[in-house]
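Architecture at a glance
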Amino acid sequence: MPQTEGRRSRVAVVTGGASGIGAATCHRLAERGHRVAVLDLDGDGANRVAKELRSRGGDALGLAADVADRPAVDAAFAEVRAALGPTEILVTSAGLVAFDRFEDITPGRWNRIVDVNLTGTFHCCQAAVPDMVAAGWGRIVTISSSSAQRGSPTMAHYAAAKGGVIVLTKSLARAYASDGITVNSVPPSGIETPMQHRSQEEGNLPANEVMAGAIPLGRLGTPDDIAAAAAFLASDEAGFITGQVLGVNGGAVL
Ligand code: NAP
């Protein structure tokens, strides 16, 4: 895969890399010459994306892991270290969405949503940070959600978990700034992905035209819109940006 002149090839781990925003981010990072570990609950999907990257000349590895399972996360990062090298870039796109009336959220449902979206992000950051500290350089980009910026009447569990992701991001930015590690979050809104399509099919989100009508730029976002922002925040050029929440939402009013 061609590497842009002057850019260093780094090892990147992308969680949720088998689908949607995560898969687009894997492609973006590989196009920039990075070696990409595609981590996902869907191991076949992760292997498929890694195969696509290799077929385009990249160095890539597919990994099956549930980000809420700490031993599985630690084992996956150890595999990345052995196969590709220490992790320098982490993009946490693995996520689980849910729509429920507040009174209907069972403790079990609450726990699973928080476990995947927030605790899963914590596990992956904690697994990646030691490599970044040792290197004196690192980039973490968390994928949160616009629902965390404005609240959501039918997604209290998901919005609360994603709000936690934003504060975790800001906290890590302050904790590791002196180690050369930047930590930023991208909260998407209205991005056409399999997750969004499922939510529409289940009647939890309106049709594309209705959603696009509420976006000042007049269209839904693409996974690549988010991947472009994530790849920028993961670059050397973004080295003075940390602790920030970069909305990529077509100008949606939050
Ligand atoms: P997507 O197409 O469903 O991709 C998410 C990927 O994460 C899937 O491959 C999924 O695997 C994987 N995943 C789910 N739970 C996991 C777990 N416990 N461990 C490891 N991987 C897991 O969704 P997307 O729209 O690209 O979403 C990416 C991120 O953006 C998510 O964090 C989501 O909350 C956030 N987001 C998206 C939008 C939007 O408009 N699309 C808006 C706000 C926030 P399975 O398919 O096997 O579950």
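Rules used in this analysis
- Residues numbered from 1 in each chain as written.
- Predicted model: local features only at pLDDT ≥ 70, side-chain atom pairs only at ≥ 80, totals over all residues.
- Heavy atoms only, no water.
- Helix = DSSP H or I, 4+ residues; strand = E, 2+ residues; numbered from the N terminus.
- Expected span 1.5 Å × (residues − 1).
- Bend = angle between axes of the 7 residues up to and from the residue.
- pLDDT = per-residue confidence, 0-100.
- Contact = heavy atoms within 4.5 Å.
- Salt bridge = Lys/Arg side-chain N within 4 Å of Asp/Glu carboxyl O.
- Buried < 20%, exposed > 50% of the residue type's maximum accessible area, 1.4 Å probe, protein only.
- Arc of directions from axis to C-beta.
- Pairing = 2+ DSSP bridges.
- Right-handed = clockwise from strand over helix to strand, strands pointing away.
- UniProt positions renumbered as here; feature names shortened; annotations may be inferred.

1. Brief notes about helix H4 (residues 107-135)
Taking 1.5 Å per residue, 29 residues should reach 42 Å; H4 reaches 40 Å between its end C-alpha atoms and fits that length. Where H4 bends most, at Asp-115, the angle is about 40 degrees. At the C-terminal side of H4, Gly-136 shows a positive phi close to 70 degrees.

2. A few points about the confidence of the model for the protein chain
Model confidence for the protein chain is summarised by a mean pLDDT of 96, while 98% of its residues fall at 70 or above. Below a pLDDT of 50 lies the segment residues 1-5, which in the model reaches 12 contacts outside its immediate sequence neighbourhood of four places, other chains included.

3. A word on the side chain of His-157
Along the chain, His-157 turns up in helix H6 (residues 156-176). Apart from the residues within four sequence positions on either side, His-157 is in contact with Ala-98, Phe-99, Asp-100, Ile-105, Arg-109, Trp-110 and Ile-113.

4. Thoughts on the pattern of salt bridges
By the definition in use, this model includes 12 salt bridges. The partner of Asp-104 in a salt bridge is Arg-101, and the shortest N-O contact between them spans 3.3 Å. Taking the shortest distance from any N to any O, the salt bridge between Arg-219 and Asp-225 comes out at 2.9 Å.

5. A word on helix H3 (residues 70-83)
Relative to the 20 Å expected for 14 residues at 1.5 Å per residue, H3 spans 20 Å between its end C-alpha atoms, a close match to the ideal helical length. Residues Val-73, Ala-76, Phe-77 and Val-80 constitute the buried set of H3. Buried residues of H3 fall within an arc of 95 degrees about the axis and therefore sit on the same side. Facing away from the buried side of H3 by more than 90 degrees, the exposed set consists of Pro-71 and Ala-82. Residues of H3 that are buried sit in contact with strand S1 (11-15), strand S2 (35-40), strand S3 (60-64), strand S4 (89-92) and H4. Of the residues flanking the end of H3, it is Gly-85, one or two places downstream, whose phi is positive at about 125 degrees.

6. As for the pairing of strand S5 (residues 138-143)
The buried fraction of S5 amounts to 6 of the 6 residues, a majority that puts the element mostly inside the structure. Side chains Gly-138, Ile-140 and Thr-142 project from S5 onto one buried face, and the interleaved Arg-139, Val-141 and Ile-143 project onto a second face that is buried too. By the bridge criterion, 4 bridges tie S4 to S5 in an arrangement that is parallel. Note on S5: the bridge partner recorded for Leu-90 is Ile-140. Read as a crossover between parallel neighbours, the route from S4 over H4 to S5 is right-handed. Here 6 bridges tie S5 to strand S6 (residues 181-186), and the two strands are oriented parallel to one another. If you follow Ile-143 over to S6, its bridge partner there is Val-186.

7. Re the UniProt feature "domain: Ketoreductase" (unreviewed entry) in the protein chain
Under the UniProt annotation, "domain: Ketoreductase" (unreviewed entry) lies at residues 10-189. Between the C-alpha atoms that bound residues 10-189 the distance is 28 Å, and the span itself is 52% helix and 18% strand.

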